[in-house]
Amino acid sequence: MTAQLTAELAAQLSQVSRAVALLHAGELVAFPTETVYGLGADANNPFAIAKIFAAKGRPVDHPLIVHLADASQIGRWAIDIPEAVGKLAAAFWPGPLTLILKRHPDVLDAVTGGQDTVGLRVPNHPLALQLLREFGGASGGGLAAPSANRFGRVSPTTAAHVREELGDAVAMILDGGPCAVGIESTILDLSGGEPRILRPGMIDADVIGAVLGRPPAFGGQHNAPRVSGSLEAHYAPRTPLQLAAAADLTATARKALAAGQRVVVLAAQPPAFSHENMAWRAASADPARFAHDIYAQLRELDALGCDLILIATPAADEAWRAVADRLRRASAGSK
Ligand code: TXA
Ligand code: MG
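Read on for an overview of the structure. (Residues numbered from 1 in each chain as written. Chains lettered and ligands numbered in written order. Predicted model: local features only at pLDDT ≥ 70, side-chain atom pairs only at ≥ 80, totals over all residues. Heavy atoms only, no water.)

**Examining the overall build of the protein chain**
The number of helices and strands found in the protein chain is ten helices and 15 strands. Over its C-alpha trace the protein chain gives a radius of gyration of 20 Å, about what one expects of a compact globule, namely 20 Å for 335 residues. C-alpha extents for the protein chain along the principal axes are approximately 65 × 50 × 40 Å. In the protein chain, the share of contacts with a sequence separation of at least 24, taken over all contacts with a separation of at least 6, comes to 68%. Of the roughly 14,100 Å² of accessible surface on the protein chain, 54% is carried by carbon and sulfur atoms. Distance between charge centroids for the protein chain: 4 Å, based on 29 positive and 32 negative side chains. (Helix = DSSP H or I, 4+ residues; strand = E, 2+ residues; numbered from the N terminus. Rg over C-alpha atoms; globule rule 2.2 N^0.38 Å. Contact = heavy atoms within 4.5 Å. Areas by Shrake-Rupley, 256 points an atom, 1.4 Å probe, with all protein chains shown as cover. Lys, Arg positive; Asp, Glu negative; His and termini not counted. Charge placed at Lys NZ, Arg CZ, Asp CG, Glu CD.)

**Side note on the packing of aromatic side chains**
Scanning the model with the defined rule gives two aromatic pairs in all. Ring plane angle 25 degrees and centroid distance 6.1 Å describe the contact between Tyr 235 and Tyr 295, whose orientation is recorded as stacked. Pair noted here: Tyr 235 is in the loop between strand E11 (217–218) and strand E12 (241–244) and Tyr 295 is in helix H9 (residues 287–303), with a separation of 60 residues, a long-range link. Their ring planes at 75 degrees and their centres at 5.4 Å tell us that Phe 290 and Trp 320 sit as a pair that is edge-to-face. One end of the pair, Phe 290, is in helix H9; the other, Trp 320, is in the loop between strand E15 (308–312) and helix H10 (321–333), with 30 residues separating them in the sequence. The exposure classification of Phe 290 matches that of Trp 320, with both residues buried. For Arg 76, the ring lying beneath its charged end belongs to Trp 77, and the centroid distance is 4.9 Å. (Phe/Tyr/Trp six-rings, centres within 6.5 Å; stacked < 30°, edge-to-face > 60°. Buried < 20%, exposed > 50% of the residue type's maximum accessible area, 1.4 Å probe, protein only. Lys NZ or Arg CZ within 6 Å of the ring centre and 35° of its normal.)

Structure follows, in structure tokens:
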């Protein structure tokens, strides 16, 4: 190992020790995960949890995901754990999958939003895992962490985004570089009856179905108002965002331009014509790459100060489901 690498590692380790001390003192620490940055607090400290809701401006009945160092800690947080959990954890943890299980009676109401279930996840990021190991240790403690953005807004995928969103509301931001996945975890409800995907993510229904031995269902009406990521208007930029089928993109852009609007188009291919009031930004044709880039791109597009962000609707197949879901909500939330 080079001297520079060793120094970098030492600096990160001391950052983690500081973060752990702040968390034990009931402060908020933003940390990187492979999906998006999380706004972490001690999941056993009601005062620390209250700070999360205040910092985000989030309604208090919206439950939080508890992040754990490894699957062996599940029993501290959940009861009646179905057999499928072992298989799913072995296949996907650490990774971008959140499991909804029946809550252990010791879990705080503030974390579950008063529901009888709890969301658990082991994130796949070295700094997050280091933090969770040092914080939770043998006691099996966990970190409650929503995405580190203000309620209804675009999730942060870099430390700089977190600073823009939350500024002084957070005691410390651990910088782990840009997030590898880029959109939030898949949420799978295993708390009763058949497994259901409540929020699609990059671990898709096909791979989950292969592990479960049957395809999961989608949606969960009983949960609908409680899953903020399932609200119609969410993940939204400030500029109005419209989706248009690739074939309609040109006509939609022309109409907006004719109405005097300044338009930025996000699509794999440039528009068929150019116009002084229209800009184009390239989108990836690969769903994983698209997911990786989209939140940072929405922030950049927003900063252009156009009247309309126009995005080509992704293909209607399973690989694009999670991305299509976020774009639809961003479009509903921007109006
Ligand atoms: O990738 C992620 O999941 C990121 C990173 C930081 O781990 N976290 C995240 O948290 O997206 P948040 O709070 O922004 O979204 C979590 C979603 C919310 O929509 C919440 O309502 C839902 O998970 N959720 C949490 N606990 C739940 C429960 N017990 N039942 C149903 N939904 C739950
Ligand atoms: Mg969120």
